[in-house]
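Fold and contact review
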Amino acid sequence: MRSFVPVLALVTAALIAVTGSASPATNTAAAPARSSGSGPGSVGVRLVDIPADLADDPRARHYIVDNLRPGTTVRRRIEVLNTTDSTLHVEVYPAAAIITHGSFVGAAGKKRNELSSWTRLRRRTLHVPAHDTLRDTVTIKVPRDAAPGERYAVIWAQVRGNRGGGIALVSRTGIRMYLSVGGHNPPAPNFTARTMTAQRGPDGRAIVRAQIINTGGRALDLSGTLKLASVSGSLSAGPYQVQLGTPPVRAGHRSRDRRSRRRPLARHP
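The present account deals with the structure reproduced in this document. (Residues numbered from 1 in each chain as written. Predicted model: local features only at pLDDT ≥ 70, side-chain atom pairs only at ≥ 80, totals over all residues. Heavy atoms only, no water.)

**Re the overall build of the protein**
Scanning the protein from terminus to terminus reveals one helix and 19 strands. Looking at the 269 residues of the protein, the share that counts as buried comes to 42%. Contacts spanning at least 24 positions in sequence make up 68% of the contacts within the protein whose residues lie at least 6 apart. Surface summary for the protein: the accessible area is close to 14,800 Å², and the carbon and sulfur share equals 52%. (Helix = DSSP H or I, 4+ residues; strand = E, 2+ residues; numbered from the N terminus. Buried < 20%, exposed > 50% of the residue type's maximum accessible area, 1.4 Å probe, protein only. Contact = heavy atoms within 4.5 Å. Areas by Shrake-Rupley, 256 points an atom, 1.4 Å probe, with all protein chains shown as cover.)

**With respect to the pairing of strand 7 (residues 103–106)**
Burial along strand 7 is one-sided: the residues F104 and G106 are buried and none of S103 and V105 is. Bridge count for strand 6 (residues 88–100) against strand 7 is four bridges, and the pairing is antiparallel. When the bridges of strand 7 are listed, A97 appears paired with G106. Remark: two residues form the turn of the hairpin made by strand 6 and strand 7, two consecutive strands paired antiparallel; H101 in that turn has positive phi of roughly 55°. (Pairing = 2+ DSSP bridges.)

**Structural notes on the side chain of S116**
Looking at the element boundaries, S116 is found in helix 1 (residues 114–117). Side-chain polar atoms of S116 contact the backbone nitrogen of N113, separated by 2.8 Å. Non-local contacts of S116, meaning those with residues more than four positions away in its chain, are made with P94, A95, A96, K111 and A153. (Polar contact = N/O pair within 3.5 Å; in protein donor to acceptor, adjacent residues only side chain to side chain.)

**What to know about the nonpolar core**
Ranked by internal contacts, the top residues of the largest apolar core, which has 28 residues, are I64, I78, V90, I140, V142, I155 and L179. Mapped onto this core, the elements with two or more residues apiece are strand 3 (42–47), strand 4 (64–68), strand 5 (73–82), strand 6, strand 9 (125–128), strand 10 (132–141), strand 11 (149–164) and strand 12 (167–181). The residues touching L179, leaving out its near neighbours within four places in the chain, are D66, L68, L115, W118, I140, V142, G149, E150 and R151. Core analysis: the second largest hydrophobic core is formed by eight residues, A60, Y63, V65 and A97 among them. (Core = buried A, V, L, I, M, F, W, Y, C linked by side-chain atoms within 4.5 Å.)

**Considering the pattern of salt bridges**
Here the structure, examined in full by the defined rule, presents seven salt bridges. When salt bridges with common partners are traced through the structure, they connect R46, E79 and R135 into a single cluster. (Salt bridge = Lys/Arg side-chain N within 4 Å of Asp/Glu carboxyl O.)

**Some thoughts on the packing of aromatic side chains**
Applying the stated rule across the entire model yields four aromatic pairs. Aromatic side chains F104 and Y152 sit 6.3 Å apart centroid to centroid with 85° between the ring planes, which places their arrangement in the edge-to-face category. Within this pair, whereas F104 is found in strand 7, its partner Y152 is found in strand 11, the two being separated by 48 residues in sequence. No difference in accessibility class separates F104 from Y152, as the two residues are buried. Ring geometry for Y152 and Y178: centres 5.9 Å apart, planes at 85°, overall edge-to-face. (Phe/Tyr/Trp six-rings, centres within 6.5 Å; stacked < 30°, edge-to-face > 60°.)

**With respect to the pairing of strand 3**
Note on strand geometry: in a regular strand, side chains alternate between the two faces of the sheet. By the criterion of burial, strand 3 is predominantly enclosed, with six of the six residues buried. Going residue by residue along strand 3, you find S42, G44 and R46 tucked away on one face and V43, V45 and L47 tucked away on the opposite face as well. Direction of pairing for strand 3 relative to strand 5: antiparallel, over a ladder of five bridges. Looking at strand 5, one finds that V45 is bridged to V80.

In structure tokens form, the structure reads like this:
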């Protein structure tokens, strides 16, 4: 008899939209996702394939765990179990995940991140007969320019039901994904804007000045626009083209002058 390990299970009811989080980092509290309106039973999901070089890694028995170089494509098979008395229409898809406060948290809905955008399912919907299983294939294609580092995502198996009164019941169970990207690519490009201040230039015109810090591993050639809006009411201005102060920002450096001249705010009727 095959052993199913349903992890990251959650059952959440909400009006139209459904929100929730994955189970904590340990899977002792995980449970199969209860079916939505299909009578007793549940839906479960398990990983079929384990890489030979990760056979001694306990995580690899339950989760998709791998260390890949940029440009690599791998495939893993998963199996979805239906223990209810009716055929279940199971939606299978990748979504973003993070590790926060010691817990692995899968995004509610179909929120994406890098790893989930690299991930595809051969079939997005499985019609699993009562008391039966179906398999699907997960394909992960790491881009050639992927930066090194560890990324997280989750493969959700989801069923929907309707309890009436405008309440949609969504049941999910999933498999965590831990992917480490190696190789010699530089870190991904990234930047942050700090110390944004409004002031007057020598000619008396309004200026918004921002300090741009390159927090990534590649040189940046920045451009952009400035748009202003009031917190309340209907005041707005822009967009105005940003006037760059210094040449492209090198990795690990900062630009001390990113300005945009500002006209008076326009009031809309």
